[in-house]
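Residues per chain are reported as follows:
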Amino acid sequence: SLPAKLINGGIAGLIGVTCVFPIDLAKTRLQNQQNGQRMYTSMSDCLIKTIRSEGYFGMYRGAAVNLTLVTPEKAIKLAANDFFRHHLSKDGKKLTLLREMLAGCGAGTCQVIVTTPMEMLKIQLQDAGRIAAQKKLMAAQAQLSSSSAAGAAEPVVETRTTATQITRELLRSKGVAGLYKGLGATLLRDVPFSIVYFPLFANLNKLGQKDPNAKAPFYVSFLSGCVAGSTAAVAVNPCDVIKTRLQSLQRGVNEDTYSGILDCTKKIWQKEGPMAFLKGAYCRALVIAPLFGIAQVVYFIGIAEFLLGMLPKRQA
């Protein structure tokens, strides 16, 4: 039932995000840093420096936004895919690959209603620490290089903002459109992702079915979700880099700004080279693989069906 799909998708999203959010934070910071302004050399270097400068919970900056909105996002994505698969099937017959891709396309298009503002707010909070650290480093370098400076320079103090403050400012200055900055880039990432992920998962999962009418074992669903998710994540990583850059409202010192998808693509290619489009790809694979593996296991277990079954039934 639809309520079961929504509950399962929401539970899967909450569990998955809690487990992998620090890796997602590292991905955002790695993708946003530009040549000449590199703060981190790898995912582990980013996480170590984050803990040292911001504490353990610094790795979870922006998690509240994700945990709040991931439930409707994952619920819409998974439920929409089931909806489109159901309506594209003819008399219960097996879907062709093209129809599976169309169902995934529909799911990816529906989810951006929630994904775009969620990612927009999350990126600002995740990247704030990187920008503050960069400013502190440059202030320290300037102090050391200036032999004529009298006394110690004033330390750079990071002013922490919340998702609520960012939302209010965007609504005040740009209206609802402010929360949907990067919508085109989000579609460019999420639609191809769903086109790759859902058919690949469905076909991998079928390989573990002993009987066509029975479910595959839960470990098959988990592994299928991990493989399909990581494959799709790496495939669309260039679009994710562009989306992350476009949605970042604040920039580090001497970092480029972008006017749109084409401008962003051109500047990254010219100034950072084609390999820049793969920044954070392994982080994104590490985030998406367990996220969707967990999602499929939650669906398999049927937690929502159990919870709904505990509700008192109406008397006829």
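Residues numbered from 1 in each chain as written. Predicted model: local features only at pLDDT ≥ 70, side-chain atom pairs only at ≥ 80, totals over all residues. Heavy atoms only, no water.

- In the nomenclature of an unreviewed UniProt entry, the protein is known as Mitochondrial glutamate carrier 1 of Corythaeola cristata.
- Reading the Sequence similarities (unreviewed entry) entry of the UniProt record for the protein gives the comment "Belongs to the mitochondrial carrier (TC 2.A.29) family."
- In its Function (unreviewed entry) section, the UniProt record describing the protein reads: "Mitochondrial glutamate/H(+) symporter. Responsible for the transport of glutamate from the cytosol into the mitochondrial matrix with the concomitant import of a proton. Plays a role in the control of glucose-stimulated insulin secretion." (UniProt positions renumbered as here; feature names shortened; annotations may be inferred.)

**Regarding the overall build of the protein**
No. 1: Summing up its helical and strand segments, the protein has eleven helices and zero strands in all.
No. 2: In the protein, the succession of α and β elements from N to C terminus is α-α-α-α-α-α-α-α-α-α-α.
No. 3: Within the protein, counting contacts between residues at least 6 apart in sequence, those at least 24 apart form 81% of the total.
No. 4: Split by element, the accessible area of the protein, about 16000 Å² in all, is 65% carbon and sulfur. (Helix = DSSP H or I, 4+ residues; strand = E, 2+ residues; numbered from the N terminus. Contact = heavy atoms within 4.5 Å. Areas by Shrake-Rupley, 256 points an atom, 1.4 Å probe, with all protein chains shown as cover.)

**Quick look at the packing of helix α6 (residues 183-207) against helix α8 (residues 237-247)**
No. 1: Two elements in contact, α6 and α8, have axes whose closest approach is 9 Å; the angle formed by their N-to-C orientations is 160°. One element, α6, and the other, α8, form an angle in the roughly antiparallel class. As for the relative orientation of α6 and α8, their crossing is left-handed in sense. Together, Ala185, Thr186, Leu188 and Arg189 of α6 and Cys239, Asp240, Lys243, Leu246 and Gln247 of α8 make up the contact between the two elements. (Axes fitted to C-alpha atoms, helices over the stretch in contact; angles between N-to-C directions. Parallel < 35°, antiparallel > 145°, perpendicular 65-115°, else oblique. Left-handed = near helix turned anticlockwise from the far one by under 90°.)

**A few points about helix α9 (residues 261-272)**
Note that an α-helix has 3.6 residues per turn; residues three or four places apart therefore point the same way.
No. 1: In a regular helix each residue adds 1.5 Å, so twelve residues correspond to 16 Å; α9 covers 16 Å between its end C-alpha atoms and thus fits that length.
No. 2: Those residues of α9 lying buried are Cys264, Ile268 and Glu272. Seen along its axis, α9 keeps its buried residues to an arc of 30°; they face one direction. When the buried face of α9 is taken as reference, the exposed residues oriented beyond 90 degrees from it are Leu262, Lys266, Trp269 and Gln270.
No. 3: Where α9 terminates, the next one or two residues include Gly273, which has phi positive at roughly 85°. (Expected span 1.5 Å × (residues − 1). Buried < 20%, exposed > 50% of the residue type's maximum accessible area, 1.4 Å probe, protein only. Arc of directions from axis to C-beta.)

**Regarding the packing of aromatic side chains**
No. 1: A complete count under the given rule lists eight aromatic pairs for this structure.
No. 2: Ring centres of Trp269 and Phe277 lie 6.3 Å apart, and the angle between their planes is 40°; on these two criteria the pair is classed as tilted.
No. 3: Looking at Phe277, the relative accessible area reads 7%, which means it is buried.
No. 4: The rings of Phe21, Tyr56, Phe57 and Tyr60 are connected pair by pair, giving a single aromatic cluster. (Phe/Tyr/Trp six-rings, centres within 6.5 Å; stacked < 30°, edge-to-face > 60°.)

**Let's talk about empty space enclosed by the protein**
No. 1: Taken as a whole and judged by the stated rule, the model has one cavity of 30 Å³ or more.
No. 2: Considered as a void within the structure, the largest cavity measures approximately 290 Å³ in volume.
No. 3: Lys74, Glu119, Arg284, Ile288 and Leu291 are, among the 22 residues lining the largest cavity, the residues nearest its centre.
No. 4: Taken together, the elements giving at least two residues each to the lining of the largest cavity come down to α1 (2-32), α3 (63-88), α4 (97-145), α6 and α10 (281-301).
No. 5: Taken together, the residues of the lining of the largest cavity break down into ten nonpolar, two polar and ten charged. (1 Å grid on protein atoms, 1.4 Å probe; cavity = no way out; pocket = protein on both sides within 12 Å on 5 of 7 lines; lining within 4 Å. Points joined across faces, edges and corners; volume = space filled by probe spheres on them. Nonpolar A, V, L, I, M, F, W, Y, C, P; charged D, E, K, R; others polar.)

**A look at the nonpolar core**
No. 1: One finds Met43, Phe193, Tyr197, Ile288, Leu291 and Phe292 to be the most contacted residues of the largest nonpolar core, which totals 35 residues.
No. 2: Within the residue set of this core, elements represented by two or more residues are α1, α2 (43-54), α3, α4, α6, α7 (218-235) and α10.
No. 3: Discounting chain neighbours no more than four positions away, the residues touching Tyr197 are Gly225, Ala228, Gly229, Ala232, Phe292 and Gln296. (Core = buried A, V, L, I, M, F, W, Y, C linked by side-chain atoms within 4.5 Å.)

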